[in-house]
Each structure stands twice: as structure tokens, then as C-alpha cells.
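Spelled out, the chains give:
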Amino acid sequence: MERSQTVRYESLPVAGVPSQVRGRHRPLLLWGILCVCFGMGMHLLGVLLVFPRYLLGLNQALLPFNEWIVWYSGMPVMAGLALALTDLFVLLPNKRRSEQVRCDALPNRGLTVALTAYNDELSIAEAVRDFLGHPLVRNVIVVSNSSTDATFERAQAAGAITFDETARGYGRCVFRCLSEAVKCADTDLIVLCEGDRTFRAHDLDKFLAYAPHADIVNGTRTVEPLRQYATQLSTFMYYGNFFVGKLLESKHLGRCTITDVGTTYKLCHRDALLRLLPTLDPSVNLEFNAHFLDTALAQGCSMVECPVTFHPRIGVSKGGNTNNMRALLVGLRMMAGIVFGWRPSGHTS
Ligand SMILES: Nc1nc2c(ncn2[C@@H]2O[C@H](COP(=O)(O)OP(=O)(O)O)[C@@H](O)[C@H]2O)c(=O)[nH]1
Ligand SMILES: [Mg+2]
């Protein structure tokens, strides 16, 4: 294909991440939030026990346990508050970055855009044309995740550099996108996005405005006037993403603001991505975006959020947005990853 011939490829470094990692801190605020949530859950359970006690005639049997649970639910709440307040008022000043606000020059503002696609034949050509139409976009890559429809052919016909990723799963697809994009040595800036038309090329200018300030500019879909009325992001997912985002933020307190943990749309500086890629686990599936941010922050990358517009999907949803129950499971796995570490999660699309 013509466009791919103009791209100069460079080999990936084999060594791991350089020693950018700064001193690790205990995430007391994260533990505090979890303790408070646990205590409040206990308390709620205690209040709800009133129903079996009086409606099922189990008052005598359940009363001692009911009193215990309501009384002792205060302990995790108090412990959690103590942890959270210690982190916020004692440790935070040392955790916050002390250097000046970063404002790098961008000598090369050209962009390589990499789009994930899985059976997205209805939208992929339009998405490719949208991004190719932006004056700063030099390469558009599409990674089709073993699509069984015409996604690959339509992406190629629309002018994308196309790849087929045979290992199934969103994480594998994103990882392949990033791995192919860093080989494009004619650009310093890499944009990851989806080929389902939920995100648009006009937002690239917003990303570029934030690009001097951090290694990673992560899109956020939480700015109300920028969300189209009916999208796949239900109210539950909107607040769920926000909550999990704040958990991740509390883990890396003083280093970032996170309001949306599930957006694919993001810009990365190529040099930072080259260091980060060997530390990512492509077998983490639909939680991959949270895994990406957590790992990047742990490696010492800087991250800033950028509001992006969000639009209804073209075609059928296959990801974590299919329904609220699936979104809940993805959210719980994200929380487990943030607290206990990231584990492979088989593809379920
Ligand atoms: N769910 C899923 N999505 C994939 C896979 N491989 C690639 N993708 C793409 O990754 C994106 C998933 O994003 P998401 O917004 O969570 O789900 P969507 O509702 O299907 O768009 C879509 O653009 C898919 O086409 C896969 O194995 N599973
Ligand atoms: Mg999508």
C-alpha cells in the first residue's frame, strides 16, 4: 500500500524501562477509600437486616448479629478516614511533583493514529477518512482483531496501513496498535483511538494543545456538553468510570487527575511509549485502559486529561459497554487490578 511505503520503521528497544521510577509511596488514600466503602457496605447490610428480622419473624435470631454489624461497621469507616486524612494532609505535600509545570516544545507535530477494530465494517472506512483528513495526520494504522467481516479490506481501501491481529482481545488489539505505531519514526506523537466513530478527528487539536504538558494525554468523556445525548456510556458507566478513575488517582496521589478510566482515545509521546510498551501486559483484556494508565504512572510517566467529544457508536458494541452488568464486571476487574495487580483476563467479546 502506498502510504505504508512512505513510513520509516525502526526496531523496538529490547531492554526494559529505564530507571524513571520515583520512590514508591504507600497509597493510604486508596486503602482509606476502600475501608470506608467496606464499612458503609456493612452498615447498609445492618440496616437492611431489619426486613428479615420483622418480616420473616427472625428478630430474636438476628438481633445480636444485627447489633454487632451496625456497631462495628464504624471501625472500618474510622480507620479508612484516618488513612485518607493522613495521606491528604500529611503525606501529599511530599508526593506532589515539585518541578515546574512541563511545557515542552513540539518540533514535530505530525501524528500517527492507530485505530482498534473488531468487526467494525460499518464504521471503519469513515473513521479512517476522518483521521486522514486532519492536516497533521501522517499515518493511520488500523489493527483488525481477526474480524470476520470486511473491516480489514474497507480500512485498506480507505487508505489505512492495515494489520490483522490474530490473538483475540481488546488488550491484544490495543497493544498491537501501539507496537505498530511506535515503528513510525516520522512522527513523535502517537494517537490511539477506536474505529467505531465514537471519537472524532477534530479532537486531535485539543490533544495537541495538551501535548506539551505530559507524556500521555488521556481523553475524558466526562464533560457534559461534549457528550452527545445518547451514547453507549450509560449513567451507570459514566459514574462507574469516574469512581474507578478516582481510585486510580488516589493510588498515584499528587501525580494525576483521572475522571475517566475507560477511554481508548489518547495521545502518547513516542519516546515515552517506547519505554512503556515492554511493561504492558497485552493479555489484560477489556480493563486494558486502566492497566495502561496504572502502569504508565507507576513507571514515572506524566499524564494529563483532555476533554473529548463522545458520539454514538456505529455498529454493534462488543466491549465493556454492551450492558451495565458487563460494565460492572469490567469495573470490578479494574478495581482488582488497581488494588492487587494486573492479571490476564480471557477475551469475552
Ligand atoms: N470487545 C472487543 N473489542 C475489540 C476487540 N478487538 C478489537 N476491539 C475494538 O476495540 C474497541 C472496543 O471498545 P469499547 O468501546 O470498549 O467497545 P465497543 O462498544 O465495541 O466499541 C472497539 O473499537 C472494537 O472494535 C475484542 O477482541 N473485543
Ligand atoms: Mg467503542
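None of the values given here were measured: they were computed from a predicted structure.

About the cut-offs
Residues numbered from 1 in each chain as written. Chains lettered and ligands numbered in written order. Predicted model: local features only at pLDDT ≥ 70, side-chain atom pairs only at ≥ 80, totals over all residues. Heavy atoms only, no water. Donors = N, O, S within 2.8 Å, 3.2 Å for Na, K, Ca; no water. Buried < 20%, exposed > 50% of the residue type's maximum accessible area, 1.4 Å probe, protein only. Helix = DSSP H or I, 4+ residues; strand = E, 2+ residues; numbered from the N terminus. Polar contact = N/O pair within 3.5 Å; in protein donor to acceptor, adjacent residues only side chain to side chain. Near = heavy atom within 4 Å. Areas by Shrake-Rupley, 256 points an atom, 1.4 Å probe, with all protein chains shown as cover. Nonpolar A, V, L, I, M, F, W, Y, C, P; charged D, E, K, R; others polar.

Surrounding the magnesium ion (ligand 2) are the protein donor atoms Glu-194 (OE) and Asp-196 (OD), at 1.9 to 2.1 Å. Among the residues examined, Glu-194 registers a relative accessible area of 17% and is labelled buried. On the basis of relative accessible area, Asp-196 is assigned to the buried category, the value being 0%.

Another point: the side chain of Ser-179. Relative to the elements of secondary structure, Ser-179 occurs in helix α8 (residues 170-181). For Ser-179, a relative accessible area of 11% translates into the label buried. A polar contact is formed between the side chain of Ser-179 and the backbone oxygen of Phe-175, at a distance of 2.7 Å.

Glancing now at the site of ligand 1. Among the 20 residues in the neighbourhood of ligand 1, the closest are listed as Asp-120, Asn-145, Asp-196, Ser-317 and Lys-318. Between ligand 1 and Asn-145, the relevant distance is 2.7 Å, taken from a nitrogen atom to a side-chain nitrogen or oxygen of the residue. Alone, ligand 1 offers 540 Å² of accessible surface; in the complex the protein occludes 96% of this. For the shell around ligand 1, the elements supplying multiple residues, two or more each, are β1 (111-117) and α8. Here the residues of the shell around ligand 1 are counted per class, giving 5 nonpolar, 9 polar and 6 charged.

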